[in-house]
Amino acid sequence: MATIIDGKEISKQIKDELREKVSNLKQKGIEVTLCVIQVGDDPASTIYVRNKQKACEYIGIKSQSYKLPESTTEAELLEIVEELNQSENVNGILVQMPLPKHINEDKIIEAISPDKDVDGFHPQSVGRLSIGQRGFISCTPAGVIELLKRYNIPIEGKECVVIGRSNIVGKPMAMLMLRENATVTVCHSRTKDLAKISSRADILIVAIGKAEFVTREFVKEGAVVIDVGIHRNENNKLCGDVDFDNVVDKVSAITPVPGGVGPMTIAMLMYNCVESAMSK
Ligand code: NAD
């Protein structure tokens, strides 16, 4: 029987640990503050922002929200980011993506001070990760590592295949697995014979953005499968990049969707905010 990796439960544990840390910091007169900036009113972004605010409330992090109109210019947004960079009271700055087309996302990410880059998207954070220095780590891949560790799933020496090479999931995921001493292969849309490569993996991490793409022929018997994807299928039910029902009897452990990697992303964002306040 496969272990179903319960990301909801682990994220709750992490949030409870952070709540205690934040309360201790408060006793020392330190308040943790996260600024979340949303431009426009994309409905999915509004839900993500609300969930982040709820997590902040639970933990005791002060959340400062900016909801700016769609017409906000790049210069105006850069000015706000710069003000927040300078503010002594702000520990984390998060600009909710995607941004309207007239704003260059890379420029905004680069404008955020690396000391407050709690999303871990700044080139300096990415560079630090790749050369093994301390810095903020992109929240979703950091959450995957946390799940593996808290389930005592060994990583060192294991064969790991990451499917997907995006800047926010696939690439940092591969770097983190390397840092944990796995042997890592990264696959992507141009990979030839994907199933042959992915079925070598002791740990298979899937971040492709295609609903229920990975079926049992992609998976080795007894593998650990981590599904980062999130979609709604034709029945409007949430599902991942992995066809869960099709692979579950072949694997030793698997993350479900929902309730697997998803809840970990916000928990790790909160972790980064608290770390930022503690390292001041
Ligand atoms: P992306 O679209 O930026 O990247 C997808 C990657 O998959 C690309 O590198 C591409 O080369 C690869 N790919 C596409 N088709 C492929 C194929 N047929 N075979 C092999 N590789 C293929 O996506 P992303 O931002 O990395 O997100 C991936 C998934 O994870 C999405 O479903 C997204 O919604 C989800 N996601 C979830 C969370 C979370 O908190 N759970 C966070 C971020 C992303």
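On a predicted model such as this, the values are computed, not experimentally measured, just so you know. (Residues numbered from 1 in each chain as written. Predicted model: local features only at pLDDT ≥ 70, side-chain atom pairs only at ≥ 80, totals over all residues. Heavy atoms only, no water.)

Undergrad: What am I meant to see in the sheet that holds strand β2 (residues 33-39) here?
TA: Strands belonging to one sheet form pairs held by backbone hydrogen bonds; the direction of such a pair is parallel or antiparallel. With parallel pairing, the three strands of this open sheet are ordered in space as β3-β2-β4. Two strands lie at the open edges of the sheet, namely β3 (62-68) and β4 (92-95), each paired on one side alone. Neighbouring strand axes in the sheet, compared pairwise and without regard to direction, differ in orientation by 15 degrees on average. Bridging between β2 and β3 involves seven bridges; their strand directions are parallel. (Pairing = 2+ DSSP bridges. Helix = DSSP H or I, 4+ residues; strand = E, 2+ residues; numbered from the N terminus. Axes fitted to C-alpha atoms, helices over the stretch in contact; angles between N-to-C directions.)

Undergrad: I'm lost on the nonpolar core in this one. Help?
TA: A general tendency of soluble globular proteins is for nonpolar side chains to be buried together. By size, the foremost hydrophobic cluster in this structure holds 52 residues, and its most contacted members are Leu34, Ile61, Leu148, Met177, Ile205 and Met270. Taken together, domain 1 (29-113) and domain 2 (139-262) each give at least three residues to this core, which thus spans both. Discounting chain neighbours no more than four positions away, the residues touching Met177 are Ile145, Leu148, Ile155, Cys160, Ala182, Val184, Ile203 and Ile205. Among the nonpolar cores identified, the runner-up in size contains 18 residues, and Ala2, Phe218, Val247 and Ile254 belong to it. (Core = buried A, V, L, I, M, F, W, Y, C linked by side-chain atoms within 4.5 Å. Buried < 20%, exposed > 50% of the residue type's maximum accessible area, 1.4 Å probe, protein only. Domains from an automatic or database assignment. Contact = heavy atoms within 4.5 Å.)

Undergrad: Explanation requested: the pairing of strand β6 (residues 183-187) in the structure shown.
TA: Put simply, side chains in a regular strand alternate between the two faces of the sheet. Bridge count between strand β5 (residues 159-163) and β6: five bridges; the pairing is parallel. What sits directly across from Ile163, in β6, is Cys187. In the classification by handedness, the crossover that spans β5, the intervening helix α7 (residues 170-179) and the parallel β6 is right-handed. (Right-handed = clockwise from strand over helix to strand, strands pointing away.)

Undergrad: Can you help me understand the site of the ligand in this one?
TA: Close to the ligand lie 22 residues, the nearest being Arg165, Ser166, Ile208, Lys210 and Thr265. Considered on its own, the ligand offers 860 Å² of accessible surface; in the complex 73% of this is hidden by protein. By residue class, the composition of the shell around the ligand is nine nonpolar, ten polar and three charged. (Near = heavy atom within 4 Å. Areas by Shrake-Rupley, 256 points an atom, 1.4 Å probe, with all protein chains shown as cover. Nonpolar A, V, L, I, M, F, W, Y, C, P; charged D, E, K, R; others polar.)

Undergrad: Honestly, the domain arrangement of the protein in this entry has me stumped. Any pointers?
TA: Size of an interface, as often reported, equals the accessible area lost when the parts are brought together. For the protein, the domain assignment lists domain 1 (29-113) and domain 2 (139-262). Taking only C-alpha atoms into account, the centre of domain 1 sits 29 Å from that of domain 2.

Undergrad: How should the packing of helix α1 (residues 7-27) against helix α6 (residues 139-150) be read in this particular structure?
TA: The description of two packed helices rests on the angle between their axes and on the distance between the axes. Running from N to C, α1 and α6 cross one another at 100 degrees; their axes reach a closest spacing of 11 Å. In terms of axis orientation, α1 runs roughly perpendicular to α6. Taken together, the residues of α6 that come into contact with α1 (itself represented by Gly7, Ile10, Gln13, Ile14 and Glu17) are Glu146, Leu147 and Arg150. (Parallel < 35°, antiparallel > 145°, perpendicular 65-115°, else oblique.)

Undergrad: Help me understand the sheet that holds β5, please; the structure alone is not making it clear to me.
TA: The six strands lie next to each other as β1-β11-β8-β7-β5-β6, forming an open sheet whose pairing is parallel. With one partner strand each, in any of the chains shown, β1 (3-4) and β6 form the two edges of the open sheet. Pairing geometry for strand β7 (residues 203-206) and strand β8 (residues 224-227), over four bridges, is parallel. Each residue of the ladder has a partner; that of Leu204, found in β8, is Val225.

Undergrad: Help me understand helix α10 (residues 262-278), please; the structure alone is not making it clear to me.
TA: An α-helical segment advances 3.6 residues per turn. Residues three or four places apart therefore align on the same side. For α10, spanning 17 residues, the distance from its first C-alpha to its last is 25 Å, which sits close to the expected 24 Å at 1.5 Å a residue. Of all the 17 residues making up α10, twelve are buried; the element is thus mostly covered by neighbouring parts of the structure. Within α10, the full set of buried residues consists of Met264, Ile266, Ala267, Met268, Leu269, Met270, Asn272, Cys273, Val274, Glu275, Ser276 and Ala277. Residues of α10 that are buried in the fold lie against α1, β2, α2 (43-59), β4 and α6. (Expected span 1.5 Å × (residues − 1).)

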